[in-house]
Amino acid sequence: MQQQRLFSNKTLVRLIIPLVIEQGLAVLVGMCDGVMVSSVGEAAISGVSLVDMINNVVLTLFAALATGGAVITSQYLGARQMENARRSIGQLVLMAGAFGFGAMGLCLALGRGMMRLFFGSIAPDVMEAGMIYFRITAISFPFIALYNAGAAIYRSVGNSKVSMKVSIGMNLINVGGNALCIYGLKMGVAGVALPTLVSRMVAAAVILFLAARPDQTLCLQGKNLVHIQTGMMKHILHIGVPSAFENSLFQLGRVVVVSMISLFGTCQTSANAVANNLDSLGVLIGQAMGLAMVTVVGQCIGAGDTDQAVYYTRKLMVWDYLFQGLSNLLILGFLPQLVGLYGTLSPETRELSLLLVRIHVTSAIVLWPASFVLPNALRASNDVRFTMVVSVASMVIFRIGFSWVLCVQLGYGAVGVWIAMVIDWICRTAFFVGRIISGKWKTKYVAG
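Attention here is on the structure that accompanies the text. As the structure is a computational prediction, the values presented were derived from the model and not from experiment.

## A look at the overall build of the protein chain
And step 1. Within the protein chain, the regular secondary structure consists of 15 helices and zero strands.
And step 2. What you see for the protein chain is a C-alpha radius of gyration of 21 Å, in line with the 22 Å of a compact globule of 448 residues.
And step 3. Judged by the C-alpha coordinates and their principal axes, the protein chain covers about 60 × 45 × 35 Å.
And step 4. In the protein chain, which comprises 448 residues, the share counted as buried stands at 58%.
And step 5. Looking at the protein chain alone, contacts between residues at least 24 apart form 84% of all its contacts between residues at least 6 apart.
And step 6. By element, 67% of the accessible surface of the protein chain is carried by carbon and sulfur atoms, the whole surface being about 17,600 Å².
And step 7. Taking the average location of the 30 positive side-chain charges in the protein chain and that of its 17 negative ones, the two points are 10 Å from each other.

## Describing the side chain of S403
And step 1. By the element assignment, S403 lies in helix α14 (residues 384-409).
And step 2. Judged by relative accessible area, which is 0%, S403 ranks as buried.
And step 3. Among the polar contacts listed, one links the side chain of S403 to the backbone oxygen of R399, at a separation of 2.4 Å.
And step 4. Those residues in contact with S403 that sit more than four places away from it in its chain are V257, M260, F398, V408, V417 and A420.

## Describing the packing of aromatic side chains
And step 1. Evaluation of the coordinates by the stated rule reveals seven aromatic pairs.
And step 2. When the centroid spacing of 5.6 Å and the interplanar angle of 85 degrees are considered together, the rings of F7 and Y312 count as edge-to-face. Placement of the pair is F7 in the segment before α1 (9-38) and Y312 in helix α11 (residues 306-333), with a sequence separation of 305 residues.
And step 3. Overall, Y312 belongs to the buried group, its relative accessible area being 0%.

## A short note on the pattern of salt bridges
And step 1. Under the counting rule described, the total for this entry stands at seven salt bridges.
And step 2. Between R86 and E83 there is a salt bridge, with its nearest N and O atoms 3.4 Å apart. A residue pair is termed a helical-turn pair when its members lie 3 or 4 positions apart in one helix, as R86 and E83 do in helix α3 (residues 82-119) at three residues.
And step 3. Two residues, D383 and R435, come together in a salt bridge whose shortest N-O distance is 2.8 Å. Pair noted here: D383 is in the loop between α13 (347-380) and α14 and R435 is in helix α15 (residues 414-438), with a separation of 52 residues, a long-range link.
And step 4. Several salt bridges converge on common partners, so that one network encompasses R399, D424 and R428.

## Remarks on the nonpolar core
And step 1. Counting residues in each nonpolar core, the largest one holds 141 residues, and the members touching the most others are M115, F119, F134, F141, Y147 and L278.
And step 2. When residues in this core are grouped by element, the largest group, 18 residues, is from helix α2 (residues 42-78).
And step 3. Residues in contact with M115, not counting those within four places in the same chain, are L50, V51, I54, G120, I122, M127, G130, M131 and F134.

## Points about helix α6 (residues 160-184)
And step 1. If you check α6, its first and last C-alpha atoms are 35 Å apart, about what 25 residues at 1.5 Å a residue would give, namely 36 Å.
And step 2. Positioned one or two residues after α6, K186 has a phi angle of 55 degrees, which is positive.

## Description of the environment of N247
And step 1. Take N247: it is sitting in helix α9 (residues 230-262).
And step 2. You can call N247 partly exposed: its relative accessible area is 24%.
And step 3. Excluding residues within four positions of it along the chain, N247 makes contact with T60, A64 and R379.

Thresholds, definitions, all that
- Residues numbered from 1 in each chain as written.
- Predicted model: local features only at pLDDT ≥ 70, side-chain atom pairs only at ≥ 80, totals over all residues.
- Heavy atoms only, no water.
- Helix = DSSP H or I, 4+ residues; strand = E, 2+ residues; numbered from the N terminus.
- Rg over C-alpha atoms; globule rule 2.2 N^0.38 Å.
- Buried < 20%, exposed > 50% of the residue type's maximum accessible area, 1.4 Å probe, protein only.
- Contact = heavy atoms within 4.5 Å.
- Areas by Shrake-Rupley, 256 points an atom, 1.4 Å probe, with all protein chains shown as cover.
- Lys, Arg positive; Asp, Glu negative; His and termini not counted.
- Charge placed at Lys NZ, Arg CZ, Asp CG, Glu CD.
- Polar contact = N/O pair within 3.5 Å; in protein donor to acceptor, adjacent residues only side chain to side chain.
- Phe/Tyr/Trp six-rings, centres within 6.5 Å; stacked < 30°, edge-to-face > 60°.
- Salt bridge = Lys/Arg side-chain N within 4 Å of Asp/Glu carboxyl O.
- Core = buried A, V, L, I, M, F, W, Y, C linked by side-chain atoms within 4.5 Å.
- Expected span 1.5 Å × (residues − 1).

Following this line, the structure appears as structure tokens:
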């Protein structure tokens with residue numbers, strides 16, 4: 001029976017480990033950015049963290065588009081339709097470039113208005129730092145969108161090692177550039193943003209060049225880049241649009257709740273930013289498992305084998321609970337040392353950061369995999385409408401609604417927001433686990 005499986009344990013490990021490394025590098029760079037920015041002052045930390053909340057909305061749109069392309073491509077590969085798979089990656093790259101330039105223009109034109117809309121009357125020094133960071137990072141949007149599309153191509157064929165290597169190069173440029181620009185050239189907030197722009201430009205160029213080589217399993221061909229194929233775009237957008245709506249609203253929800261936290265001053269905003277950075281460590285394995293889930297379940301569904309889709313969903317979830325649980329326990333054990341990396345924090349900010357991370361880590365061990373990894377199995381089988389409805393409703397009702405009550409009305413501040421987050425996770429877990437058990441998701445795929 002083992003020989004009939006689409007993926008051996010060795011194949012899964014070869015897919016997952018590079019994804020974990022890639023996610024780990026992204027988290028590490030985020031932490032390094034935070035630590036380096038902290039040397040500029042708490043206003044810089046707050047400004048960068050607020051802009052990153054808006055940037056994350058845009059980046060999730062690109063990630064959702066890449067997920068849509070990865071799902072469709074994986075399904076075509078599972079069905080052994082190689083020409084359709086090549087067409088799908090060409091249209092994915094074409095759309096990624098268009099969306100990237102559109103987002104760049106919008107954010108450059110409306111950046112200050114967005115800051116005022118989402119965060120109200122923030123302190124002038126926080127606004128100044130945030131706008132410097134916002135303008136420079138907005139220019140990088142087309143390049144990170146193209147990089148995501150290129151990475152999705154390689155993940156679809158199970159070759160995540162290529163995107164890992166490109167990611168290593170991108171992050172080395174980013175961290176090295178940060179150190180040079182902040183500590184050497186004393187550029188302040190701009191010293192964090194400029195290396196981000198340069199590293200994304202290099203990463204996009206390299207991964208698309210590699211994907212276009214004729215010896216690739218799935219070669220990116222020029223003819224699929226210059227001709228708009230509406231049918232293929234619709235297939236990708238059928239997955240990408242609900243995921244984009246779901247994920248962007250999720251990030252917008254985070255922006256809304258951070259705007260509630262900002263009412264309580266720079267201390268709480270800074271503590272929330274530090275905790276968000278550290279919490280990324282606890283979920284990086286889960287994020288990698290979620291990407292692997294798209295490839296593995298997508299190929300099973302494309303091959304018409306729902307039994308194997310169930311088998312691999314269970315296997316990847318067990319692996320995720322085991323290894324993500326261990327990583328979160330390690331974070332708890334070394335938490336004071338991790339928060340201590342942010343050396344300029346006031347004692348009040350430090351204590352609040354510790355509390356917020358403890359809330360996140362202890363809850364994530366049980367709830368995060370089912371809330372955020374499991375729904376990728378549903379997306380890979382085209383059950384995107386269900387995941388969208390559950391995620392949007394849970395975000396609006398539980399995370400935003402309870403944040404308003406606990407944070408603003410009852411005055412709990414950031415702690416109230418993070419309690420509301422846990423309530424949101426409980427709702428997601430209940431619905432996504434129930435959907436998997438019901439088996440209704442198995443009927444959503446229609447062969448293209």
